[in-house]
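Secondary and tertiary structure notes
Below are the chains, spelled out letter by letter.
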Amino acid sequence: MSVRFDLSERLTWPFFGHEHRTLADLVTTWSSDHLVDAAHGESRDEVDAQARKLVAALGKAGITRYCVRAEHGGVLKDFDSRAICLIRESLAYHDGLADFAFAMQGLGSGSLSLAGDLSLQQQYLPRVASGTAISAFALSEPDAGSDVAAMQTSARLDGDHYVLNGTKTWISNGGIADFYCVFARTTAGQKRADGTVGAQGITAFLVEPDDPGFSVEQRIDVIAPHPLGTLRFHECRVPVTRRIGAEGDGFKIAMRTLDIFRASVAAAALGFARRALDEAVAYSRQRQMFGKTLADFQLTQAAIAEMATAIDAAALLTYRAAWQRDTGQPVTKSAAMAKMTATESAQSVIDRAVQMFGGRGVVHGAVVERLYRDIRALRIYEGATEVQKLIIAREVLK
């Protein structure tokens, strides 16, 4: 049973230009040639090795060049969310770990691209673009995930160094990254009347794995294996020259970074969902049952109709949000709608595909089983569905 990823219809939408169609051809062809039926070992060492290999391969293909600006080895003068979304959708369709490897090159280095000084950018970003350095974005903490302002990791100035203390967790590429964009409090947050803490006083830093006082405290194994870890900072000394942006601007930098990449989480969900639909359609056409094929039954047809409609609805929201971001329009509400709708729809689509496959759908390593594990985290990371609902409601009620 063979399926083929096809973006041609979507690329006729008015959100895209010629440059996006050219990029889609490049990524689709590369993915088909290098990632068809990708199957990875799932031990920690195997996943780490494969993630490193994928970053290098994406760099060699020129795909990671879309993670940075042209002045530092990228393809485009500025970030293009539509390009990032197209890449992630195509990679996710073929291989969830490849999508992860690409996405983290952009998210992990985005803060440096947006706010780092020129010398720091020149030192690290060309290697991100070429796939020769792996980046990570260290924002979340054990008690500060959705509520970023509640972070406890601190940084105090000591001569020509900052001294960091605290813990970061759920950090993608934790344990294999060549550098980490880390967010820490340089001043305490102001407590509001309602008990919440303001986001002022957070600052961004670039931390290298061999900085004194830095350690990977724990590696975390999840249902869709990828490099993930908990980082510990104990009197970790980071040169002042590796501060990213002005002191106290860390929250703004983090949010600007996430604005670029949030719609791309929805795009990854689209890739997973589209692969599940294509697998389900192909299977339903050849699976014999009661003298017919599975596709001949109206219940199957109804399921496929609902799956296809959900994917197109999510795609329209996703690429609208990316287009709005790229054209300088407000994107907070539309990105939240896209992220919520695409990830929730993809979970439903993939679940129905598994159901259609029956027992074959839950065999470890089957495509739809792998997709079932891949999609689950997307409803949580970079803003859980519940947080997206709060954002949407807040914007509507303004």
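Bear in mind the structure is a predicted one, so any value in this text is a computation, not a measurement. (Residues numbered from 1 in each chain as written. Predicted model: local features only at pLDDT ≥ 70, side-chain atom pairs only at ≥ 80, totals over all residues. Heavy atoms only, no water.)

Next up on the list: the pattern of salt bridges. For the coordinates displayed, the defined rule picks out 22 salt bridges. Of the charged contacts, one joins aspartate 80 and arginine 82 as a salt bridge, the two residues approaching to 3.6 Å between their closest N and O atoms. For aspartate 80, a relative accessible area of 12% corresponds to the buried category. With a closest N to O distance of 2.9 Å, glutamate 344 and arginine 379 form a salt bridge. Here arginine 379 lies in the loop between helix 9 (367-376) and helix 10 (385-397) and glutamate 344 lies in helix 8 (residues 332-357), a separation of 35 residues in the sequence. Here the salt bridges share partners, and the residues they tie into one network are Asp80, Arg82, Arg325 and Asp326. (Salt bridge = Lys/Arg side-chain N within 4 Å of Asp/Glu carboxyl O. Buried < 20%, exposed > 50% of the residue type's maximum accessible area, 1.4 Å probe, protein only. Helix = DSSP H or I, 4+ residues; strand = E, 2+ residues; numbered from the N terminus.)

A word on the nonpolar core. Counting 67 residues, the largest nonpolar core has Leu91, Leu164 and Val207 as its most contacted members. Of the residues forming this core, the biggest block, nine residues, is contributed by helix 4 (residues 96-115). When sequence neighbours within four positions are dropped, the list of residues in contact with leucine 91 reads Val27, Trp30, Ser31, Leu35, Leu58, Ala98, Asp99 and Phe102. In this structure, Phe15, Ala276, Ala280 and Val354 belong to the second largest nonpolar core, which totals 51 residues. (Core = buried A, V, L, I, M, F, W, Y, C linked by side-chain atoms within 4.5 Å. Contact = heavy atoms within 4.5 Å.)

Attention shifts here to the packing of helix 1 (residues 18-34) against helix 3 (residues 81-94). Viewed as axis vectors pointing N to C, helix 1 and helix 3 meet at an angle of 20°, and their least axial separation amounts to 9 Å. With respect to each other, helix 1 and helix 3 are oriented roughly parallel. The handedness of the crossing between helix 1 and helix 3 comes out as right-handed. Listed contacts from helix 3 to His20, Leu23, Val27, Thr28, Trp30, Ser31 and Ser32 of helix 1 are Arg82, Ala83, Leu86, Ile87, Ser90, Leu91 and His94. Considered class by class, the residues forming the contact of helix 1 with helix 3 number seven nonpolar, six polar and one charged. (Axes fitted to C-alpha atoms, helices over the stretch in contact; angles between N-to-C directions. Parallel < 35°, antiparallel > 145°, perpendicular 65-115°, else oblique. Left-handed = near helix turned anticlockwise from the far one by under 90°. Nonpolar A, V, L, I, M, F, W, Y, C, P; charged D, E, K, R; others polar.)

Now for empty space enclosed by the protein. All chains considered together, the criterion is met by one cavity of 30 Å³ or more. Of the pockets and cavities examined, the largest cavity occupies roughly 40 Å³. Together, Arg65, Tyr66, Val68, Arg69, Leu76, Asp78, Phe79, Asp80, Ala83 and Ile84 line the largest cavity. (1 Å grid on protein atoms, 1.4 Å probe; cavity = no way out; pocket = protein on both sides within 12 Å on 5 of 7 lines; lining within 4 Å. Points joined across faces, edges and corners; volume = space filled by probe spheres on them.)

Note that asparagine 165 resides in strand 3 (residues 161-172). For asparagine 165, the side chain forms a polar contact with the main-chain nitrogen of glutamate 235, separated by 2.7 Å. Once residues lying within four places of it in the same chain are set aside, the contact partners of asparagine 165 are Gln152, Thr153, Ser154, Arg156, Phe233, His234 and Glu235. (Polar contact = N/O pair within 3.5 Å; in protein donor to acceptor, adjacent residues only side chain to side chain.)

Among the 12 residues that make up strand 3, 10 are buried, leaving the element largely enclosed by the rest of the structure. A loop of two residues connects strand 2 (residues 154-158) with strand 3, the two strands running antiparallel in sequence, and glycine 159 in this loop sits at a positive phi of about 65°. Relative to strand 7 (residues 228-239), strand 3 is paired through nine bridges, and the arrangement is antiparallel. Of the residues in strand 7, the one forming a bridge with glycine 166 is phenylalanine 233. (Pairing = 2+ DSSP bridges.)

This brings us to the environment of alanine 199. Along the chain, alanine 199 falls in the loop between strand 4 (179-185) and strand 5 (202-207). Under the relative-accessibility criterion, alanine 199 is labelled buried at 17%. For the pair alanine 199 and alanine 313, spaced 114 residues apart in sequence, the C-alpha separation works out to 34 Å. Dropping the residues within four chain positions of it, alanine 199 is found in contact with Ala149, Arg185, Arg192 and Phe251.

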